Amino acid sequence: MPYPYKNEITGTELVAEYAPLIKGKTILTTGVSPNSLGAHYVETIAAGQPKLLILAGRDLTKVNQTAEKVNKAHPDVQTRVVQLDLNSFAAVRKAAAEVNSWDDVPAIDVLMNNAGIMAVPYKICEDGYESHLTCNHLSHFLFTNLIFDKLLASTDKRVVNVSSGGHWFSAIRYADLNYDGGETYEKWNAYGQSKTANVLFSLGLANKFGDRGMLAYSLNPGSILTNLAGHLDFAPGGDIDKLDRVSRLTASPFGWMEKEMLTHDQGVATHIFASFDPVLKDHNGKYLLEKARVADYYVDPVHPHAISNIEADKLWDLSVKAVGL
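Summarised in this report is the structure supplied together with it.

Rules used throughout
Residues numbered from 1 in each chain as written. Predicted model: local features only at pLDDT ≥ 70, side-chain atom pairs only at ≥ 80, totals over all residues. Heavy atoms only, no water. Pairing = 2+ DSSP bridges. Helix = DSSP H or I, 4+ residues; strand = E, 2+ residues; numbered from the N terminus. Core = buried A, V, L, I, M, F, W, Y, C linked by side-chain atoms within 4.5 Å. Buried < 20%, exposed > 50% of the residue type's maximum accessible area, 1.4 Å probe, protein only. Contact = heavy atoms within 4.5 Å. Right-handed = clockwise from strand over helix to strand, strands pointing away. 1 Å grid on protein atoms, 1.4 Å probe; cavity = no way out; pocket = protein on both sides within 12 Å on 5 of 7 lines; lining within 4 Å. Points joined across faces, edges and corners; volume = space filled by probe spheres on them. Polar contact = N/O pair within 3.5 Å; in protein donor to acceptor, adjacent residues only side chain to side chain. Phe/Tyr/Trp six-rings, centres within 6.5 Å; stacked < 30°, edge-to-face > 60°. Lys NZ or Arg CZ within 6 Å of the ring centre and 35° of its normal. Axes fitted to C-alpha atoms, helices over the stretch in contact; angles between N-to-C directions. Parallel < 35°, antiparallel > 145°, perpendicular 65-115°, else oblique. Disulfide = S-S within 2.5 Å. Salt bridge = Lys/Arg side-chain N within 4 Å of Asp/Glu carboxyl O.

**What about the sheet that holds strand 8 (residues 293–294)?**
Alright, step 1. Taken in spatial order, the 8 strands line up as 3-2-1-4-5-6-7-8 in an open sheet, and their pairing is mixed. The two strands at the open ends of the sheet, each matched to only one other strand, are strand 3 (78–83) and strand 8.
Alright, step 2. For strand 1 (residues 26–30) and strand 4 (residues 110–113), the ladder comprises 3 bridges, and the chain directions are parallel. In the sheet register, I27 faces strand 4, and the bridge partner there is V110.

Next up, the structure:
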């Protein structure tokens, strides 16, 4: 299949192409509840015959539903579940300790940090940080670092952090991470800060560990209707109108672009591209766009605050202190 891929590329098509690269691999994915992109990702790549799919999520009942669906469709693919509550650093440490205790899983080839929340009411998590920043970035930062030895043990190690076009809405608010106790809180801005963090985390990983073979990418999967948006108010004047207003206030290109909705199968194409495409070894640390392509930073809607090496270093130092590494 030619590169870059056609606009209608699907995850199913990419798995057929990448099957030799997927076969025998161990892949850990966070956020795999039914009707999520994470669930569709693992269900799709199972056709490529990975050795083991590790499914991580807060609600084990939902995680097991996805595992059972994979097992039914692909009985030769092993699955394992782990409870991972991103609201709590203690819970993250417990999940990482469980994964590290598995002597029969010496290496993890792909870590897909897919779980997240979007535009939720204001909340400070138990470790003292706003919930978007905690769940979407800090907990994934901690989890990734705690299982890092298993990633380094792989010959083709990749970390993928799922971001979005919403990164445009906010840089990292170093002076006011918690929105002044809620006084300055705007839910789409908070979501944007966490999505910027996803992009910078991938850049930081590539900069710090690329010389050890670590490949790291962030991505925007595009606009897909999943359970991530299940709580949003779609009525006039509700959350979607507020999203449009924030887009325009922040001069986001998405406020003026025609919004194309993708199917789940199209949405996970960039997940799969990031996880396995050999071309990407020449693009370490880059931000990827929907329909499986590397963003052109001079043309595509990528904000400079998300691709700055200085910002990546600053966020890394902040994250290390925040999670107590």
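Next comes the rest of the write-up.
**A word on the nonpolar core**
Across soluble globular proteins, you tend to see nonpolar side chains buried next to one another.
Alright, step 1. Counting 44 residues, the largest nonpolar core has L28, F143 and I147 as its most contacted members.
Alright, step 2. Secondary structure elements with two or more residues in this core: strand 2 (52–57), helix 4 (89–100), helix 5 (131–146), helix 6 (148–152), helix 7 (187–209) and helix 11 (309–323).
Alright, step 3. Once you skip the residues sitting within four places of it in the chain, F143 turns out to touch L28, L84, V92, A95, A96, V99 and L111.
Alright, step 4. In this structure, Y217, L219, A274 and L288 belong to the second largest nonpolar core, which totals 35 residues.

**Considerations on the environment of I22**
Alright, step 1. Checked against the element boundaries, I22 lands in helix 1 (residues 11–22).
Alright, step 2. Separated by 244 residues in the primary sequence, I22 and Q266 have C-alpha atoms spaced 19 Å apart.

**A word on the pairing of strand 3**
Alright, step 1. Note: strand 2 against strand 3, 6 bridges, orientation parallel. Paired with A56 across the strands is V82, a residue of strand 3.
Alright, step 2. In this region the chain leaves strand 2, passes through helix 3 (residues 60–73) and returns to the parallel neighbour strand 3; the handedness of that crossover is right-handed.

**A closer look at the layout of surface pockets**
Alright, step 1. When its volume is computed, the second largest pocket comes out at roughly 150 Å³.
Alright, step 2. What lines the second largest pocket is G24, T26, K51, L52, Q78, R80, D104, V105, P106, A107 and D109.

**Details of the side chain of H271**
Alright, step 1. Counting through the fold element by element, H271 comes out in helix 10 (residues 269–276).
Alright, step 2. Polar contacts involving the side chain of H271 include one to the side chain of N114, which spans 3.1 Å.
Alright, step 3. Excluding residues within four positions of it along the chain, H271 makes contact with L37, Y41, M112, N114, V162, L219 and P221.

**Notes on the packing of aromatic side chains**
Alright, step 1. As enumerated under the stated definition, the model contains 8 aromatic pairs in all.
Alright, step 2. The interplanar angle of 90° and the centroid separation of 5.4 Å between the aromatic rings of Y179 and Y185 together place this pair among those described as edge-to-face.
Alright, step 3. With relative accessibility at 0%, the residue Y179 sits in the buried group.
Alright, step 4. The rings of F141, F148, F201, F209 and W316 are connected pair by pair, giving a single aromatic cluster.
Alright, step 5. Across from the ring centre of Y297, 5.4 Å away, lies the NZ or CZ of K286, which sits over that ring.

**Considering the packing of helix 5 against helix 11**
Alright, step 1. Between helix 5 and helix 11, the least distance of the axes is 10 Å, while the angle of their chain directions is 80°. Compared by their axis directions, helix 5 and helix 11 come out roughly perpendicular. Counting all contacts with helix 5, which are made through H137, L138, F141, L142 and N145, the residues of helix 11 involved are L315, W316, S319, V320, A322 and V323.

**Description of the environment of L325**
Alright, step 1. With respect to the helices and strands, the residue L325 is situated in the segment after helix 11.
Alright, step 2. The exposure class assigned to L325 is partly exposed, which follows from its relative accessible area of 43%.
Alright, step 3. Discounting residues that sit within four places of it in the chain, L325 has contacts with R93, F141, L142, N145, L146 and V320.

**A short note on the state of the cysteines**
Alright, step 1. Scanning all chains against the criterion turns up 0 disulfides.
Alright, step 2. Lacking any disulfide linkage, C125 is separated from the closest cysteine sulfur, that of C135, by 4.7 Å.

**With respect to unusual backbone geometry**
Alright, step 1. Residues other than glycine seldom take positive phi values, yet Q49 does so here, at roughly 60°.
Alright, step 2. With respect to the element layout, Q49 can be found in the loop between helix 2 (37–45) and strand 2.

**Some details on the pairing of strand 2**
Alright, step 1. In terms of burial, strand 2 is a largely internal element, 6 of the 6 residues being buried.
Alright, step 2. Burial of the side chains of strand 2 extends over both faces: L52, I54 and A56 are buried on one face and L53, L55 and G57 on the other.
Alright, step 3. In this sheet, strand 2 lies alongside strand 1 in parallel orientation, the contact comprising 5 bridges. What sits directly across from T26, in strand 2, is L52.
Alright, step 4. As for the winding sense of the linkage, the β-α-β connection from strand 1 through helix 2 to strand 2 is right-handed.

**Some points on the pattern of salt bridges**
Alright, step 1. Using the criterion set out here, one finds 6 salt bridges in the structure.
Alright, step 2. Its salt-bridge partner being D156, residue K25 comes within 3.9 Å of it at the nearest N-O pair. Here K25, found in the loop between helix 1 and strand 1, pairs with D156, found in the loop between helix 6 and strand 5 (158–162); they are 131 residues apart in sequence, far enough to count as distant. Both residues of the pair, K25 and D156, count as buried.
Alright, step 3. Linking E43 and K69 is a salt bridge whose minimum nitrogen-to-oxygen distance equals 3.7 Å. Of this pair, E43 sits in helix 2 while K69 sits in helix 3, and the two are 26 residues apart along the sequence.
Alright, step 4. Overlapping salt bridges bring together K25, D156 and R158 as one network.

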